[in-house]
Each structure stands twice: as structure tokens, then as C-alpha cells.
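# Chains, contacts and geometry: an overview
Residue-level listing of the chains:
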Amino acid sequence: MGDDGLTREWRPAWPCSVGSVLRPHRRGAGDPTYRVDEAGRHWRGIRTPLGPATLCLQSRPREGDVLARAWGPGAEWVLESVPAMLGADDDWSAFEPRLPVLADALKHHPHSRLGRTGLVMEALVPAIIEQKVTGQEAFAGFRMLVHRFGERAPGPGAGLKLWVQPTPEQLRQVPSWEWLRLHVDPARSRTIVTVARVADAVERTASLSPEEAERRLRSLPGIGVWTSAEVRQRAFGDPDAVSFGDYHVAKDVGWALTGTPFDDAELEQYLEPWRPQRGRVVTLVYLAGLRRPRHGARMSPRTHLPAKVTRT
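Now for a quick tour of the structure. (Residues numbered from 1 in each chain as written. Predicted model: local features only at pLDDT ≥ 70, side-chain atom pairs only at ≥ 80, totals over all residues. Heavy atoms only, no water.)

## Digging into the overall build of the chain
Across its full length, the chain carries 15 helices and 7 strands. For 312 residues, the compact-globule estimate of 2.2 N^0.38 gives 20 Å, and the chain sits close to it at 20 Å. In terms of overall dimensions, the chain has C-alpha extents of about 55 × 50 × 35 Å along its principal axes. Split into buried and exposed, the 312 residues of the chain put 50% on the buried side. Counted over contacts in the chain with a minimum sequence separation of 6, partners at least 24 positions apart contribute 67%. Of the roughly 15,200 Å² of accessible surface on the chain, 51% is carried by carbon and sulfur atoms. If the 43 positive side-chain charges of the chain are averaged to one point and the 37 negative ones to another, these points end up 6 Å apart. (Helix = DSSP H or I, 4+ residues; strand = E, 2+ residues; numbered from the N terminus. Rg over C-alpha atoms; globule rule 2.2 N^0.38 Å. Buried < 20%, exposed > 50% of the residue type's maximum accessible area, 1.4 Å probe, protein only. Contact = heavy atoms within 4.5 Å. Areas by Shrake-Rupley, 256 points an atom, 1.4 Å probe, with all protein chains shown as cover. Lys, Arg positive; Asp, Glu negative; His and termini not counted. Charge placed at Lys NZ, Arg CZ, Asp CG, Glu CD.)

## Structural notes on empty space enclosed by the protein
Under the definition given, this model contains 1 cavity of 30 Å³ or more. In this model, the largest cavity occupies a volume close to 80 Å³. Taken together, His25, Arg27, Asp31, Thr33, Arg44, Gly45, Glu122, Ala123, Pro126, Phe142 and Gln165 form the lining of the largest cavity. Counting residues per element, the ones that place at least two in the lining of the largest cavity are strand E3 (42-48) and helix H5 (120-129). With 3 residues, H5 is the largest single contributor of residues to the lining of the largest cavity. Partitioning the lining of the largest cavity into residue classes produces 3 nonpolar, 4 polar and 4 charged. (1 Å grid on protein atoms, 1.4 Å probe; cavity = no way out; pocket = protein on both sides within 12 Å on 5 of 7 lines; lining within 4 Å. Points joined across faces, edges and corners; volume = space filled by probe spheres on them. Nonpolar A, V, L, I, M, F, W, Y, C, P; charged D, E, K, R; others polar.)

## Regarding helix H13 (residues 249-258)
In terms of burial, H13 is largely enclosed, as 7 of its 10 residues are buried. Where H13 is concerned, the buried positions are Val249, Ala250, Asp252, Val253, Gly254, Ala256 and Leu257. In this structure, the buried side of H13 is in contact with helix H4 (100-108), helix H14 (264-271) and helix H15 (278-287). Once H13 ends, the next one or two residues include Gly259, with phi positive near 85°.

## Quick notes on the packing of aromatic side chains
A complete count under the given rule lists 5 aromatic pairs for this structure. Relative to Trp14, the ring of Trp10 has its centre 5.8 Å away and its plane inclined at 75°; by these criteria the two rings are edge-to-face. Trp10 sits in the buried class, given a relative accessible area of 11%. With 5.6 Å between their ring centres and 80° between their planes, Trp92 and Phe95 make a pair best called edge-to-face. There is no split in this pair, since Trp92 and Phe95 are both buried. One aromatic cluster is present, formed by Phe262, Tyr270 and Trp274 through successive ring pairs. Its guanidinium or amino end placed over the ring of Trp274, Arg98 lies 5.9 Å from that ring's centre, counting from NZ or CZ. Here Arg113 stacks its cationic end above the ring of Trp14, 4.4 Å away from the centre of that ring. (Phe/Tyr/Trp six-rings, centres within 6.5 Å; stacked < 30°, edge-to-face > 60°. Lys NZ or Arg CZ within 6 Å of the ring centre and 35° of its normal.)

## Details of the packing of H5 against helix H9 (residues 186-197)
For any two helices packed against each other, one specifies the inter-axial angle together with the distance between the axes. Where H5 contacts H9, the two axes come as close as 9 Å, and the packing angle between them is 165°. Between H5 and H9, the angle falls in the class roughly antiparallel. For the pair H5 and H9, the sense of crossing is right-handed. From H5, Met121, Leu124, Val125, Ile128 and Ile129 reach across to H9, where they touch Arg188, Thr191, Ile192, Val195 and Ala196. The residue inventory of the contact of H5 with H9, partitioned by class, reads 8 nonpolar, 1 polar and 1 charged. (Axes fitted to C-alpha atoms, helices over the stretch in contact; angles between N-to-C directions. Parallel < 35°, antiparallel > 145°, perpendicular 65-115°, else oblique. Left-handed = near helix turned anticlockwise from the far one by under 90°.)

Any link to function would need more than the numbers given here.
Structure, rendered in C-alpha cells:
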């Protein structure tokens, strides 16, 4: 891995599964900012407040710790953030399962944690790309955006073909026709450019209360309840964040807990007794693998792109 990186050995107070905590940060199997190597080490290309960094995380059950190594201008910053990223700030003690199915899921997953990165733009840009499109289309768009306008991750990240997301400045300069080439329609590209213009203010929401952070995020044009929740889950580790408006979440949770799929209004009403821990209910449903059978019609990819894109 090279000898020029910084190293940290962190000993969590619980058996920490790096892969399960970091899974929400991986945007599809081909995510250029995330790699898992043959040794089971998790690699991330991260843009920190101090610059790009390559982070390598490895669970070591025998030693009871996590070995972290980092390279680049943001190496020290990202190593300092490792405990929070892996869930050290998360606390399930106030959560009441209330239902046998949730109690059973919690019993079988007692060491589940919600991590927080504190990096809002890192979570916000791919979430905007994922608005109202299929996962396949969203992951492809994000992959092309990073390859075309991002940069190689520092240190050994380059050899692993690991990338870092574009800077806000780079996002602001992407021409309209390039967004179309990336399969990102004008509505979503406008939203990305808008948040990139106020990126510093967006990043500062990480230091606010969950309620105030949600209010400020949703005050931005094009940022609704779903996008805000997706960001708060990853950047803030907010246990109350629920992705209302998702194509599957309401149906899956309703089916798992009552036997009948919900719509968003029904899900919101049903989850109210768990506030401010509503997101944990959804987390446990998916940890237990309680997705409803997929017999209905699937969401189809959109066809907003013209047959031929020309520069104007």
C-alpha cells in the first residue's frame, strides 16, 4: 500500500463491521469512489475540507480493532473522522422496538450502527442524481460525472482506479450539454449547480440540530423530503431520517410490519410513535431482509435524452 500514508488503529467498543456501516455510501457496484479489494479492505476516495484523501479501512476481529490508513492532503482529517464514520457517535439505547418483529431484528443485529461523515456535499450530489430515476440510471450518471469531472484519489488510490467527487467549483462549471451526456436532466442539473453555489453554507448544516439542518436543506430549490433524508442518514447519522417518497420504502415497511404495503402518508402516520428514532425502524426492516415480494411492475428508466446531443 505504500509507506507515505498516515495510520490509525482504532478500537471500537463493539464488534464493528466496516462493510455494513459503510454500505450506504457505495453508489452501486461500479462506484468509482469506493472499492473493496481481495483482502476485504474498504477503500474510499473522499473530498475533505482540507483536500482529497484516500482512506483504507480494514476490520481486524482478532485484534479487536479497525486499521485505518490514509493518503493525500485530507489524510489527517479523514483519519480523525473514522470513529464517527463507523458509528461511534450512534446510540440505540433510547430506541423501543415495540413490535416483536423489530425486537427480533434488533436481537439478531445488536451491533448495528449509523455512521456519520459530516460531509454534506458528498452525500447531496449523488442523492440529487438519484431523484426520480432508476438505480441503474442514477449510478451510471454518478459514475460518469466522477470520471469526467472528478480526480484520481491520492496515493495508492490511483492504482486502484479510485476517484474523488468533483469540487463545487467544478460542478458549477459543467456545461448544460455535458449534464445531458451524463443522463442528468435539466431539473436535476440545476439543483446540483444551485447547491454547488452555496456549498459552504450546505456543509455548515452538519453542525446544526437535525431539525434546523432539514429546514435549511429543504429551503434549497429541488431539495425535498427524500433528498434531505438521504443526506441526513449519511452525513449526519440522523436516526429519525426516513426516505419518504422512495419507490420501495413505504411499501416494504408496511408489508414487513403489518402485512400490507403502505403509501407515504400511511408510513408517516405509522412511524410517528418512534419519533425521533423513526429511521431505525426502516434500518431494522432492511437488516432483517423483510422486503416485500417484487411481483409488481418495476420503475422504468426515463428517456429524457435526445437522440443526438449538440452544443449550444
